[in-house]
Amino acid sequence: MRHDTGGDLLVAVLRELGIDTVFGIVSVHNLPLVEAVDRELRFVPVRHEASAVNAADAYGRARGTLGCALTSTGTGAGNAAGSLIEALSSGTAVLHVTGQVESRFLGSGRGFIHETKDQLGMLTAVSAYAATVPSAGAAGRILRTAARAARTTPGGPASVEWPIDLQYAAHDDPAEPCATPPLPAPDEGELAAAGALLAAARRPLIWAGGGATRARGPLAELLAATGAGLLTSNSGRGAVPEDHPQVLGNFATTPAARALLADADLLLSIGTHFRSNETADYDLGLPDAHLQIDLDAAALGRSYPARHTLHGDATAVLERLLPHARPAEPGWTGRITATREAVRAALHDAIGPQAALCDAIRAALPRQAVIARDVTIPASSWGNRLLEIYDPRDNVFPRGGGIGQGLAMGIGAAFARPHTPTVVLAGDGGLAVHLGELLTLAQERPRLTLLVFNDGGYGVLRNMQDAHRDRRSGVDLTTPDFALLARACGLPYLRIAAAEHAEPVITEAIAADGPTLVEVDLAALGPMKNPFTPPVKIPTP
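Residues numbered from 1 in each chain as written. Predicted model: local features only at pLDDT ≥ 70, side-chain atom pairs only at ≥ 80, totals over all residues. Heavy atoms only, no water.

## Brief notes about the overall build of the chain
To be explicit about the condition: The helix and strand labels rest on DSSP assignments: H or I over at least four residues marks a helix, E over at least two residues marks a strand, and numbering proceeds from the N terminus. Each radius of gyration is computed over the set of C-alpha atoms, and the globule rule expresses the reference value as 2.2 Å times the number of residues to the power 0.38. With a 1.4 Å probe rolled over the protein chains alone, any residue whose accessible area is under 20% of its type maximum counts as buried; one over 50% counts as exposed, and the rest are partly exposed.
Along the chain, the regular secondary structure elements total 21 helices and 20 strands. Taken over C-alpha atoms, the radius of gyration comes to 24 Å for the chain, in line with the 24 Å a tight globule of 541 residues would show. Based on the C-alpha atoms only, the size of the chain along its principal axes is roughly 70 × 60 × 50 Å. Classification of the 541 residues of the chain by burial places 57% in the buried group.

As structure tokens, then:
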């Protein structure tokens, strides 16, 4: 099929991929792409290239598909690099299309505007796939190959740089689909041995990571058949709804969950990388009888030894294991449920007045609604654990741990799911990284509630320094008057300064048809019972 410009071709490919919204910044080096997307689909003009990729990332997560970001070349592509690292670390599917100088000047070093040295090398370093469009005739193939690479395990962003002269050119596109590579299958001997170990287990536990979220049906069947308890990583939350009585959730490092792990006679882990912050820097003990399922061969046995490693798709492997499932010994499932309730009650009590916010958010939101979280104390202490998630597509957060990405992720998720409200938990320090996206909220009017937890700086690091050092460094920051800031941006503003404010304020904000900025004044609200610090080892001076 013939397309008048590269922008028209891009729109056709995006429609094939089911993408109706694109995030980006217009530039002289992507103008044909932006114009076509804005004319035929929805273009959301964010205020920074990093935000474009974060928003596209979360758009894909919230829909369970692929997201698309458009950026300029040179500095613009460089600005996107940090968010590409986030998508790479989380294995989420993003199609990043960036401009490039005219093809006849590529690599000449002339100082052509927006030119940078070895842009493709930079993109290769932070992407799962990167390529240059070499000709108008190859553009469709390159875009489809990139999309396939982004969605193929272990996944991640795919970056395509497109010279501006080729964007303006007419394109003949054969629209040939890319073949999907077959999924690996586990060794039959390993599978048989794993099945025998599962059949013999009487005190089983399961640990679900992000890879388990694609196997929700057989995972729920396995829980029912065995009576096992389900621990999750942060990425695995919602693989089974977190109000299920056997779901312990993201509480593996608590004393009660450690006791369960010590007494378990089998752990089946599914699609998890056992990240350091979820294993107390790998100090967490696991049962010797460990079965590990992962589609990424490099993950098998990497963090913890496994007696049997099963390289394959979680759904297919679990379906093969299900006939071997046997009920747990009497009392085991009851102990799991009691532990589940105990760890939640303990955290609910420990966070003091912030428990009212957690309760109010969950009560005001429909059962399926995106909860996006930046790296901040409320997210790390209770948002990632106590605030229940019922569907993995609702669980949006920076898996790589980078601060300041939460608002853009929330924006992307809100456009992915426009008919349900989205909530963003952010700190004042993280929000300051991309304050410009408040203007995106004001312009585009998504149904998004932004909860800004204001403690005047970087609270996590402040708590670490207060606990281990005799002075503070770089953690106390000037905070804006959020009421004036919201007014300047044309955003509705509400404030929470006491626990009794949480329910009415959050209910009002979430019910609104557009965005609302809600400031949580932590000084007025009052402290948690114990200052939160992350599970990071700090050497004693």
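## Quick notes on the pairing of strand β4 (residues 67-71)
Selection rule: A pair of strands is considered paired only if DSSP assigns at least 2 bridges between the two.
Among the five residues of β4, five are classified as buried, and the element is accordingly described as predominantly covered. On β4, burial covers both faces: Gly67, Ala69 and Thr71 on one face and Cys68 and Leu70 on the other are all buried. Relative to β4, strand β2 (residues 21-24) runs parallel, the two sharing two bridges. In the strand pairing of β4, phenylalanine 23 is matched with alanine 69.

## Observations regarding the nonpolar core
Within soluble globular proteins, side chains that are nonpolar tend to cluster in buried spots. The cut-off we apply is this: The definition of a nonpolar core used throughout is a set of buried Ala, Val, Leu, Ile, Met, Phe, Trp, Tyr and Cys residues joined through side-chain atoms within 4.5 Å. Residues are treated as being in contact if the distance between any of their heavy atoms lies within 4.5 Å.
Leu10, Leu14, Val37, Leu70, Leu95, Trp162 and Leu450 are the most contacted members of the largest nonpolar core, which has 77 residues in total. Not counting residues within four places of it along the chain, the set of residues in contact with leucine 14 comprises Ile19, Val22, Val37, Leu41, Cys68 and Leu95. In terms of nonpolar packing, the next biggest core, distinct from the first, is built from 36 residues, Ile389, Ile496, Ile506 and Val518 among them.

## Things to note about the pattern of salt bridges
Short version of the rule: Take a side-chain nitrogen of Lys or Arg and a carboxyl oxygen of Asp or Glu: if they are within 4 Å of each other, that pair is a salt bridge.
Scanning the model with the defined rule gives 27 salt bridges in all. The partner of arginine 39 in a salt bridge is aspartate 8, with the nearest N and O atoms 2.8 Å apart. Of the two residues, arginine 39 is situated in helix α2 (residues 31-40) and aspartate 8 in helix α1 (residues 6-16); the sequence distance between them amounts to 31 residues. Of the residues examined, arginine 39 reaches a relative accessible area of 52% and is grouped as exposed. Taking relative accessible area as the criterion, aspartate 8 reaches 21% and is therefore assigned partly exposed. The partner of glutamate 40 in a salt bridge is arginine 15, and the shortest N-O contact between them spans 3.3 Å. Residue glutamate 40 is found in helix α2, and its partner arginine 15 is found in helix α1; the two are separated by 25 residues along the sequence. Look at glutamate 40 and you get partly exposed, because its relative accessible area is 36%. Salt bridges linked by common partners bring Asp455, Arg462, Asp466, Arg472 and Asp476 together as one network.

## Let's talk about the sheet that holds strand β16 (residues 395-396)
Short version of the rule: Helix axes are fitted to C-alpha atoms over the stretch in contact, other axes to C-alpha atoms as well, and angles between N-to-C directions run from 0 to 180 degrees.
Ordered in space as β16-β15-β17-β18-β20-β19, the six strands form an open sheet in which the pairing is parallel. One side of each edge strand has no neighbouring strand; the edge strands of this open sheet are β16 and β19 (493-496). Sheet topology note: the strand β15 (residues 371-373)/strand β17 (residues 422-427) ladder contains three bridges and is parallel. Bridging from a neighbouring strand, arginine 373 pairs with leucine 425 of β17. Of the strands in this sheet, β15, β16, β17 and β18 (448-454) are in contact with helix α15 (residues 406-416), which crosses β17 at around 175 degrees.

## Notes on the environment of alanine 56
Of note, alanine 56 is situated in helix α3 (residues 49-63). Distance in space between the C-alpha atoms of alanine 56 and glutamate 40 is 18 Å, their sequence separation being 16 residues. In contact with alanine 56, not counting residues within four places along its chain, are Phe23, Gly67, Cys68, Ala69 and Val94.

## A word on helix α8 (residues 188-200)
Heads up, the condition is: Here the expected length of a helix is defined as 1.5 Å per residue gap, with one fewer gap than residues. Any pair of N or O atoms that falls within 3.5 Å is considered a polar contact. Within protein, one atom must be able to donate a hydrogen and the other to accept it, and sequence-neighbouring residues count only if both atoms are side-chain atoms.
Here α8 spans 19 Å end to end across 13 residues, near enough to the 18 Å set by a 1.5 Å rise per residue. Packed against the buried residues of α8 are α9 (216-226), β12 (266-270), β13 (290-294), β14 (308-311) and α11 (314-321). Near the N-terminus of α8, the side chain that reaches the backbone nitrogen of glycine 189, with its oxygen 2.9 Å away, is that of aspartate 187.

## With respect to the packing of aromatic side chains
For clarity, the cut-off: Two rings from Phe, Tyr or Trp (for Trp, the six-membered ring) form a pair when their centres are within 6.5 Å of each other. A pair whose planes differ by under 30 degrees is stacked, one over 60 is edge-to-face, and the rest are tilted. A ring is considered to have a charge above it if a Lys NZ or an Arg CZ atom is located within 6 Å of its centre and within 35 degrees of its normal.
Considering all chains together, one arrives at five aromatic pairs under this definition. Geometrically, the ring pair formed by tryptophan 207 and phenylalanine 274 is edge-to-face, given 5.0 Å between the ring centres and 65 degrees between the ring planes. Taken together, the positions of tryptophan 207 in strand β9 (residues 204-208) and phenylalanine 274 in the loop between β12 and β13 put the pair 67 residues apart, joining distant regions of the chain. Given the relative accessible area of 0%, tryptophan 207 is considered buried. When the ring centre of tyrosine 390 is taken as reference, the NZ or CZ atom of arginine 367 above it lies at 3.9 Å.

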